[in-house]
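# Analysis of the macromolecular model
So you can see what is in the structure, the chains are spelled out below.
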Amino acid sequence: MSVTDGIAAILLLAGSAFVLLASLGLWRFDDFYSRIHAATKATTLGVLFVVAAAALRVEAVPDLLKLFLAAVLQLISAPVTGNMLGRAAYWAGIRLTPYTMIDELRDSGLEH
Amino acid sequence: MEIVTTICYAALAISAILCALRVMRGPSLPDRVLAVDTLLTTGAVGVAVEAARTRSGVYLDVLLVVALVAFVGTVAVARFIERRGAQ
């Protein structure tokens, strides 16, 4: 097992751990907005780690390009998804958890 | 490397189960959509782990397609929720 494979193994374990933590947050957190927070950020980091590990392991150059494309796609799509879902849910009336201290969007007086 | 990828697959399987439980439980439509999105991303990560295990990029197209479908589907349902409400 070479040094590159060792780094790839560490990246694989870290990425899978992050995806597992994201799902754990998705299952355990109180309200929808906390779940968005867990699902988008941690998943992005997990995908990036695992894609980096795969890029260290594959041999052909076109596969490297595909992995790079997957990483860029994840980096672009995760924030957009989180933003659109959160905005839609807020205006559709999904409640925040009762432990929420500040709701600036409500206090600002904006209407949809 | 086989041991590492087996551990990764186990973690991804637990992750997929947790996402599926959230899809079943809800309680609202955005929760389900977010859980399906995370479930698809977990599948894409599984494809990447497979590529790292076998050192071949045969299934990398699947990874790209799954990631794209997750993105487009989630955005489409988000627009739907914004217009019709989360029923």
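Predicted, not measured: the structure shown is a model, and the values here were computed from it.

For the rest of this paragraph, the subject is the confidence of the model for chain B. Any region with low pLDDT has predicted coordinates that should not be read closely. All names here are of chain B. Here chain B shows a mean pLDDT of 91. Residues at 70 or above account for 98%. When mean pLDDT is taken per element in chain B, helix α1 (residues 2-25) scores highest with 94 and helix α3 (residues 60-84) scores lowest with 91. Interface confidence in the predicted complex, given as ipTM, is 0.90; pTM for the same model is 0.90.

Glancing now at the packing of helix α2 (residues 32-57) of chain A against helix α3 (residues 61-91) of chain A. All names here are of chain A. Two elements in contact, α2 and α3, have axes separated by 9 Å at closest approach and are oriented at 180 degrees. One way to sum up the angle between α2 and α3 is to call them roughly antiparallel. Across the contact of α2 with α3, the residue classes break down as 17 nonpolar, seven polar and no charged.

Below, the discussion takes up the interface of chain A and chain B. The partner chain B presents 45 residues to the 48 residues of chain A that form the contact. Elements with a contribution of two residues or more to the side of chain A that touches chain B: α1 (3-28), α2 and α3 of chain A. Sorting elements by how many residues they give to the side of chain A that touches chain B places α3(A) first, with 16 residues. Taken together, the residues of the side of chain A that touches chain B sort by class into 33 nonpolar, eight polar and seven charged.

Within the largest apolar cluster, 58 residues are counted, with the highest numbers of intra-cluster contacts made by Leu12(A), Val50(A), Val51(A), Ala53(A), Ala54(A) and Ala48(B). Every element with two or more residues in this core is listed here: α1, α2 and α3 of chain A together with α1, α2 (29-54) and α3 of chain B. Those residues in contact with Leu12(A) that sit more than four places away from it in its chain are Val50(A), Ala53(A), Val4(B), Thr5(B), Cys8(B), Val49(B) and Ala52(B).

Rules used throughout
- Residues numbered from 1 in each chain as written.
- Chains lettered and ligands numbered in written order.
- Predicted model: local features only at pLDDT ≥ 70, side-chain atom pairs only at ≥ 80, totals over all residues.
- pLDDT = per-residue confidence, 0-100.
- Helix = DSSP H or I, 4+ residues; strand = E, 2+ residues; numbered from the N terminus.
- Axes fitted to C-alpha atoms, helices over the stretch in contact; angles between N-to-C directions.
- Parallel < 35°, antiparallel > 145°, perpendicular 65-115°, else oblique.
- Nonpolar A, V, L, I, M, F, W, Y, C, P; charged D, E, K, R; others polar.
- Contact = placed C-beta atoms within 7 Å.
- Core = buried A, V, L, I, M, F, W, Y, C linked by C-beta atoms within 7 Å.
- Buried ≥ 20, exposed ≤ 12 C-beta atoms within 10 Å, placed from the backbone.

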